[in-house]
Amino acid sequence: MNATDRTPADLLRSALGADPGRPLVTFYDDATGERVELSVATFANWVAKTANLLQGDLAVEPGDRVAVLLPAHWQTAVWLLACASVGAVADVGGNPAAADVVVSGPDTLEAARACRGERVALALRPLGGRFPQVPDGFVDYAVEVPGQGDRFAPFSPVDPGEVALVVGGREFTGGEVVSLAGGSDSASGTGAGARAGARAGGSDSVSGTGAGAGGSGVGGSGVGARVLSGLGYDTWEGLAVGLYTPLVGGGSVVLCRHLELLSEGALATRVESERVSIVRR
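This write-up is about the structure you can find in this document. Predicted model, so just to flag it, every value in this text is computed and none were measured.

### Regarding the overall build of the protein
Turning to step 1, where the next piece is worked out: Across its full length, the protein holds 10 helices and 13 strands.
Turning to step 2, where the next piece is worked out: Expressed as a percentage of contacts within the protein between residues at least 6 apart in sequence, the contacts between residues at least 24 apart total 68%.
Turning to step 3, where the next piece is worked out: Put simply, the protein shows about 11,500 Å² of open surface, and 49% of that area lies on carbon and sulfur atoms.

Given below as structure tokens:
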């Protein structure tokens, strides 16, 4: 993070400039056995392509609302940063009927049909695979995104004072996302952002670090920390631990979906093999 970073998109640009080859998001789905690891450069490429899809093909403008009906997943993280890059409001779990665009996983397609605007469906299959058959009334993200440009430039500058994220019943400006993800309030779990969302799970400390440790972000994840998160993306805490704080602190996240299916022994093995310093679940 640089002192000039004022939006989530700024955080990603700084991470890309600092060390594009380092891991940023390692994703596990313990229901399917999937594992995907994205470096900063690879993640940023997905974000650029998705932002180009939003701004170009879907005609999304700053302030437009994108209902994000997706679980904690590496592609969800991509969409959140893409919305921030365009200046759109990422409304996590938001009402599709009130949104300009809806982005849906396979389990929420019926609810997503309430959106009168553009509808994008994600199969959430391993390696970003396509739907065997595109759902009626949707475009398939995996079909549309590969041909998008690898570089993105917004038509209008993104204002850090405008709402960028809605989660757990609270709106956050881009500037608030950056400051809360890196601030002491969110580290203690008692800040305004943390209070707004529902509490999810607990925290464990590994290698002598944990919720009481110093450093930036939720759970005391200091500079360069590698955090394993089993938290959902439906609260500020889950989003901070599972995306924004690693960006602020130059760290990385091991994002685990369906972590409850993993035995304690298998979790310990993963913590060791992935060189995790903090566990949040």
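Picking up where we left off.
### Remarks on the nonpolar core
Turning to step 1, where the next piece is worked out: Phe43, Leu165, Trp236 and Tyr244 are the most contacted members of the largest nonpolar core, which totals 57 residues.
Turning to step 2, where the next piece is worked out: Leu69, Ala99, Cys115 and Phe138 belong to the second-largest nonpolar core, a separate cluster that totals 11 residues.

### Examining the packing of helix α2 (residues 40-57) against helix α3 (residues 74-86)
Turning to step 1, where the next piece is worked out: Where α2 contacts α3, the two axes come as close as 8 Å, and the packing angle between them is 55°. Of the possible angle classes, the one that applies to α2 and α3 is oblique. The way α2 lies across α3 gives a crossing that is right-handed. On α3, the residues that touch Phe43, Trp46, Val47, Thr50, Ala51, Leu53, Leu54 and Gln55 of α2 are Trp74, Gln75, Ala77, Val78, Trp79, Leu81, Ala82, Cys83, Ser85 and Val86.

### Description of helix α10 (residues 264-273)
Turning to step 1, where the next piece is worked out: The complete set of buried residues in α10 reads Leu267, Arg270 and Val271. Down the axis of α10, the buried set is contained in an arc of 100°. They therefore lie on one face. Of the residues in α10, the exposed ones pointing more than 90 degrees away from the buried face are Thr269, Glu272 and Ser273.
Turning to step 2, where the next piece is worked out: If you follow the buried residues of α10, they end up packed against β1 (23-29), β11 (226-229), β12 (252-257) and β13 (278-280).
Turning to step 3, where the next piece is worked out: Positioned one or two residues after α10, Arg275 has a phi angle of 55°, which is positive.

Scoring rules and cut-offs
- Sequence positions are assigned chain by chain, starting from 1 and proceeding in written order.
- Local features in this predicted model are restricted to residues whose pLDDT is 70 or higher, and side-chain atom pairs enter the listing and the counts only when it is 80 or higher, whereas totals over whole chains, interfaces and linings include all residues.
- Values reported for side chains reflect all heavy atoms of the structure, with hydrogen atoms and water molecules removed beforehand.
- Each helix is a run of DSSP H or I of at least 4 residues and each strand a run of E of at least 2, with the numbering of both proceeding from the N terminus.
- Contacts: residue pairs with any heavy atoms within 4.5 Å of one another.
- Computed with a 1.4 Å probe, the accessible areas rest on the Shrake-Rupley method; for each residue, only the protein chains presented here act as cover.
- Definition used in this section: a nonpolar core is a set of buried Ala, Val, Leu, Ile, Met, Phe, Trp, Tyr and Cys residues joined via side-chain atoms within 4.5 Å.
- For every residue, the accessible area (1.4 Å probe, protein chains only) is compared with the maximum for its type, and the residue is labelled buried under 20%, exposed over 50%, or partly exposed between those bounds.
- Geometry is summarised by axes, namely lines fitted to C-alpha atoms with helices restricted to the contacting stretch, and by angles between N-to-C directions that run from 0 to 180 degrees.
- By definition in this entry, angles of less than 35 degrees are roughly parallel, angles greater than 145 are roughly antiparallel, angles of 65 to 115 are roughly perpendicular, and the rest are oblique.
- Should the near helix be turned anticlockwise from the far one by less than a right angle, the crossing is termed left-handed; should it be turned clockwise, right-handed.
- This arc corresponds to the set of directions leading from the helix axis out to the C-beta atoms.

Limitation: the analysis is restricted to geometry and does not speak to function.
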